[in-house]
Amino acid sequence: MDFVSIRVITGDITRLVTFYERATRVRATWSTEDFAELRVGSATLAIGSTRTVPMFAPGAAHPADNRSVILEFRVADVGGVYRDLLDSGLVQDVVQQPTTMPWGNRSLLLRDPDGHLVNFFTPLTKTALARLAP
């Protein structure tokens, strides 16, 4: 089995894709006006509009309704991502400014335009680096 992607359903696909393109520095691949993917390293972030939900099961997904999942991105420079996103005006809610965590990561926690938690982190210690080694 392969874990392939995370899909986020949104009421404003252009706004959410723009945020993630800026945050990841990766251009989205659009399959239709209602579905885009960002391939970041070994993972894919899929973003679908609410118009795609009835194709699976009407009412099964609700946009901007998550309070339990954190999307995580390993980055080279947490401070640079923080400054860039603040300058872009795309971030309205910084949950935690760049902070060194007890497990050895420097982390930035914020909410994307739909309110989903996003963690950008850089491993700093040998233990943190080893934990993420292939």
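Some remarks on the sheet that holds strand S3 (residues 35-40)
A sheet is described by the order of its strands in space; here four strands give the open sequence S1-S4-S3-S2, paired in mixed fashion. Looking along the sheet, the strands with just one partner apiece sit at the ends: strand S1 (5-10) and strand S2 (29-32). If you compare each strand with its neighbour and ignore which way they point, the axes differ by 20 degrees on average. Examined bridge by bridge, S1 and strand S4 (residues 43-49) share six bridges and lie parallel to one another. Residue pairing across strands places Val8 opposite Ile47, the latter belonging to S4.

As for the sheet that holds strand S6 (residues 93-100)
Spatially, four strands are ordered S5-S8-S7-S6 in an open sheet, and the strand pairing comes out mixed. This sheet does not close on itself; its edge strands, each paired only once, are strand S5 (70-74) and S6. Ignoring strand direction, the axes of neighbouring strands in this sheet form an average angle of 15 degrees. Sheet strands in contact with helix H1 (residues 13-24) are S5, strand S7 (105-111) and strand S8 (117-123), and its direction is about 30 degrees off that of S5. Contacts between helix H3 (residues 78-88) and the sheet are confined to S6, S7 and S8, with S7 contributing the most and set at about 20 degrees to the helix.

What counts as what
Residues numbered from 1 in each chain as written. Predicted model: local features only at pLDDT ≥ 70, side-chain atom pairs only at ≥ 80, totals over all residues. Heavy atoms only, no water. Pairing = 2+ DSSP bridges. Helix = DSSP H or I, 4+ residues; strand = E, 2+ residues; numbered from the N terminus. Axes fitted to C-alpha atoms, helices over the stretch in contact; angles between N-to-C directions. Contact = heavy atoms within 4.5 Å.

So yeah, pure geometry; function would need other evidence.
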